[in-house]
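Chain residues, written in single-letter form:
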Amino acid sequence: MKVQTKFFGEIDLPEEKIITLERGLIGLEQYKKYTILYDEEKEDNNISWLQSCDEPSLALPVIKPWLVKEQYNPVVEDELLTNIGELTEENLVILLTMTVPEDITKMSVNLKAPIIINADSRKGAQLIAENDDYEVKFMVYELFKSKKEEN
């Protein structure tokens, strides 16, 4: 399948790389098919792109939660996950959407609405975590800066 992307031009995407979010993303319910892309030339691929297969201009930066919060464990209603198949430690993928404004010191991740994907079924859902301490705008610039200085 040929997919036009926001940052990587047109790519030939194998069917097994397409993820279906049956309910779409919150606020973007009309777009159901996505893929995860990253820049192969970059050494540090902590940030990937959740690219819509239906809308080339829709590409959201995403990150694995443990890079931000080691003990990230969103509490979600199990019933909301039934349509993506049985989740195991091996097939569970959790991503957080990022906001990267022009002033990168205001960079944030959304801990409150993780994207949960079953890698086996290639189905996923964005859900609202019930955890009271998870913020929609969790500021990460200083955290990333301090981690980079440690290395």
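Refer to the structure presented above.
Keep in mind that this is a model prediction, so the values were computed, not measured.

1. Section: the environment of Y72
Relative to the assigned elements, Y72 resides in the loop between β6 (59-63) and β7 (92-99). Along the backbone, Y72 and L111 are 39 residues apart, and their C-alpha atoms lie at a distance of 8.5 Å. Those residues in contact with Y72 that sit more than four places away from it in its chain are P65, I94, L96, L111, P114 and Y134. A distance of 2.7 Å separates a polar atom in the side chain of Y72 from the backbone oxygen of L111.

2. Let's talk about the environment of I94
Take I94: it is sitting in strand β7. Linking I94 and I116, residues 22 residues apart in sequence, is a C-alpha distance of 4.7 Å.

3. Details of the pairing of strand β4 (residues 33-37)
Pairing geometry for strand β3 (residues 19-21) and β4, over two bridges, is antiparallel. Bridge pairing links I19 to Y34 in β4. Pairing between β4 and strand β5 (residues 47-52): four bridges, direction antiparallel. Bridged to T35 within β5 is Q51.

4. Let's talk about the packing of aromatic side chains
Per the stated rule, a full pass over the model turns up two aromatic pairs. Ring centres of F7 and W49 lie 4.4 Å apart, and the angle between their planes is 45 degrees; this geometry places the pair in the tilted category. Pair noted here: F7 is in the loop between β1 (2-4) and β2 (10-12) and W49 is in strand β5, with a separation of 42 residues, a long-range link. Taking relative accessible area as the criterion, F7 reaches 43% and is therefore assigned partly exposed. Overall, the relative accessible area of 22% leaves W49 in the partly exposed class.

5. Describing the pattern of salt bridges
Tallying each qualifying case throughout the model produces two salt bridges. Across the pair K123 and E22 runs a salt bridge whose closest N-O atoms are separated by 3.5 Å. Of this pair, K123 sits in strand β10 (residues 123-126) while E22 sits in the loop between β3 and β4; the two residues are 101 residues apart in sequence, bridging distant segments of the chain. According to the relative accessible area criterion, E22 is partly exposed, its value standing at 35%. For D103, the salt bridge identified is with K106, shortest N-O distance 3.5 Å. When its relative accessible area of 36% is taken as the criterion, D103 is described as partly exposed.

6. Notes on the environment of D120
By the element assignment, D120 lies in the loop between β9 (115-118) and β10. Looking at D120, the relative accessible area reads 57%, which means it is exposed. Engagement of the side chain of D120 in a polar contact is seen with the side chain of N91, the distance being 3.1 Å.

7. Concerning the nonpolar core
V109 and L111 are the most contacted members of the largest nonpolar core, which totals 13 residues. The dominant element in this core, judged by the number of residues it contributes, is β7, at three residues. Aside from chain neighbours lying at most four places away, what touches V109 is I63, V68, L96, T97, M98, E135, V136, K137, F138 and V140. One finds L21, Y31, I115 and I117 within the second-largest nonpolar core, a separate group that totals eleven residues.

The rules behind these values
- Residues numbered from 1 in each chain as written.
- Predicted model: local features only at pLDDT ≥ 70, side-chain atom pairs only at ≥ 80, totals over all residues.
- Heavy atoms only, no water.
- Helix = DSSP H or I, 4+ residues; strand = E, 2+ residues; numbered from the N terminus.
- Contact = heavy atoms within 4.5 Å.
- Polar contact = N/O pair within 3.5 Å; in protein donor to acceptor, adjacent residues only side chain to side chain.
- Pairing = 2+ DSSP bridges.
- Phe/Tyr/Trp six-rings, centres within 6.5 Å; stacked < 30°, edge-to-face > 60°.
- Buried < 20%, exposed > 50% of the residue type's maximum accessible area, 1.4 Å probe, protein only.
- Salt bridge = Lys/Arg side-chain N within 4 Å of Asp/Glu carboxyl O.
- Core = buried A, V, L, I, M, F, W, Y, C linked by side-chain atoms within 4.5 Å.

Just distances and angles here, no functional claims.
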